[in-house]
Amino acid sequence: MARRFVAPLTDSEQQTLSSAYHHGEKRALRRRAHAILLSDQGHTINQIAEILQVRRDAVSRWLKQWEASGLDGLIDKPRSGRTPVLDENDHQRLKELVAEQPHQIRSLQARFQEETGKTVSTVTLRRALKKNDFSFKRIRHSLKARRDEADFRNTQGLLKALHQREDQGEHELYYFDESGFSQSSSVPYAWSPVGKPCEVTAYSHSRRLNVLGFLSRTGKLVYHTATEPVTTETVIDAFDHFVDQKDPDTFAVVVLDNASMHRSKAFKRKMIEWMSHRVYLIYLSAYSPELNLIEILWRQMKYAWLPLSAYLSFDHLCHGVHRLLDGYGNEHTINFE
């Protein structure tokens, strides 16, 4: 039996098929274009079928379609398919209903069925919502509704100016905040075999290691820890420690939030003393935690850097936290750019 090949391809046909093979939108078109190119190179139908892992009659059909219609013969024609269950009005109503009940898919399903008379599965509803650019994510706690937007924008502009001056060497800029670590804290996500999730012991009560940190964008970190509850006196001790280790000839700006400990009379009296040591404090606008860059450090430590072994005991936790803090800038760092 004579072997069958496509007619020799012209340069233009080779370029067209090569483009379809490398950049075709659908896998079927890319595979068919590849088959024609292989045939032009002298591969038999059996060889092409083996290379592409398809049936011999499929390759033979592709060759015939190419010879009859060129590249158009290799492209799948539109199919009528089943009439969509949801029309444009249904999609619009879904958007309105999900705005009212964004976390209750079954309630949404019941209301939609009651209003339209259409029985639609929750799977179909989720698919329709995704098609309309909705996603299902955990609801976030937010303070945005409570803040003064104009004050927030002004603070953003001030921080930008402080960054520029720091880049020019006029001062050092630090972000200050407190955070707590305990064995009952939220543990990170982790990969595990299906049906065998990673587990750590659950603690209803745990001692707490409080960390008070000063973080710069240039990789400097100064911190103070305490196992007792954080009070104004604890914060003052942390600032005194920061002032003591700072280069006395360097002007430092410290950004902090509006916690009550940072606004107390005792704390404000100390601010005058710290200014004499070239340390100046700037308060963030209220309810703007995202402007405090050290918040990124706390998240990284809790959800990415701390090993699961740190939760075995409070001593392990303290050791793990101190190791991360001491190694910041070398073992771990954050690129704020």
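Above this text sits the structure in question.
**Student:** Pulling in residues and values, what's your account of helix H11 (residues 265–276)?
**Tutor:** Listing the buried residues of H11 in full gives Phe267, Lys270, Met271 and Trp274. Summarising the axial view, the buried residues of H11 lie within an arc of 125°, below the 170-degree limit, and thus occupy one face. Looking at H11, the residues exposed on the side facing more than 90 degrees away from the buried face are Lys265, Arg269, Ile272 and Ser276. Buried-residue contacts for H11 involve helix H9 (232–245), strand E4 (252–256), helix H10 (260–263) and strand E5 (279–283).

**Student:** With reference to specific residues and values, describe the packing of aromatic side chains.
**Tutor:** By the definition in use, this model includes ten aromatic pairs. Plain terms: the ring middles of Tyr174 and Phe242 are 4.9 Å apart, the flat faces sit at 75° to each other, and that makes the pair edge-to-face. Of this pair, Tyr174 sits in strand E1 (residues 172–182) while Phe242 sits in helix H9, and the two are 68 residues apart along the sequence. Side by side, Tyr174 and Phe242 carry an identical accessibility label, which is buried. Between the aromatic rings of Phe176 and Phe214, the centroid separation amounts to 4.7 Å while the plane-to-plane angle is 45°, which identifies the pairing as tilted. Taken together, the residues Phe176 in strand E1 and Phe214 in strand E2 (residues 208–215) connect sequence positions 38 residues apart. One aromatic cluster is present, formed by Tyr174, Phe176, Phe214, Phe239, Phe242, Phe267 and Trp274 through successive ring pairs. A cation over a ring is seen here: Arg263 above Tyr283, with NZ or CZ 3.6 Å from the ring centre. Over the face of the ring belonging to Phe181 we find Lys302, whose NZ or CZ atom lies 5.2 Å from the ring centre.

**Student:** Quick one: what's the story with the packing of helix H6 (residues 105–116) against helix H7 (residues 122–131), residue by residue and with numbers?
**Tutor:** Packing of H6 against H7 brings their axes to within 10 Å, and their N-to-C directions diverge by 95°. Taken together, the axes of H6 and H7 are roughly perpendicular relative to one another. On H7, the residues touching Ile105, Arg106, Leu108 and Gln109 of H6 are Thr122, Leu125, Arg126 and Leu129. A breakdown of the residues in the contact of H6 with H7 according to their chemical character gives four nonpolar, two polar and two charged.

**Student:** Hey, could you go over the pattern of salt bridges for me, with residue numbers and the actual values?
**Tutor:** A complete count under the given rule lists 18 salt bridges for this structure. Two residues, Glu67 and Arg4, come together in a salt bridge whose shortest N-O distance is 2.7 Å. On the criterion of sequence distance, the pair formed by Glu67 in helix H4 (residues 56–69) and Arg4 in the segment before helix H1 (11–23) is long-range, its members being 63 residues apart. Arg93 is paired through a salt bridge with Glu96; the nearest N and O atoms lie 2.8 Å apart. In this pair, Arg93 and Glu96 are both assigned in helix H5 (residues 88–100), three residues apart and thus about one turn of the helix distant. The exposure class of Glu96 is partly exposed, given its relative accessible area of 35%.

Cut-offs used in this document
- Residues numbered from 1 in each chain as written.
- Predicted model: local features only at pLDDT ≥ 70, side-chain atom pairs only at ≥ 80, totals over all residues.
- Heavy atoms only, no water.
- Buried < 20%, exposed > 50% of the residue type's maximum accessible area, 1.4 Å probe, protein only.
- Helix = DSSP H or I, 4+ residues; strand = E, 2+ residues; numbered from the N terminus.
- Arc of directions from axis to C-beta.
- Contact = heavy atoms within 4.5 Å.
- Phe/Tyr/Trp six-rings, centres within 6.5 Å; stacked < 30°, edge-to-face > 60°.
- Lys NZ or Arg CZ within 6 Å of the ring centre and 35° of its normal.
- Axes fitted to C-alpha atoms, helices over the stretch in contact; angles between N-to-C directions.
- Parallel < 35°, antiparallel > 145°, perpendicular 65-115°, else oblique.
- Nonpolar A, V, L, I, M, F, W, Y, C, P; charged D, E, K, R; others polar.
- Salt bridge = Lys/Arg side-chain N within 4 Å of Asp/Glu carboxyl O.

Keep in mind that these numbers describe shape and distance, not what the molecule does.
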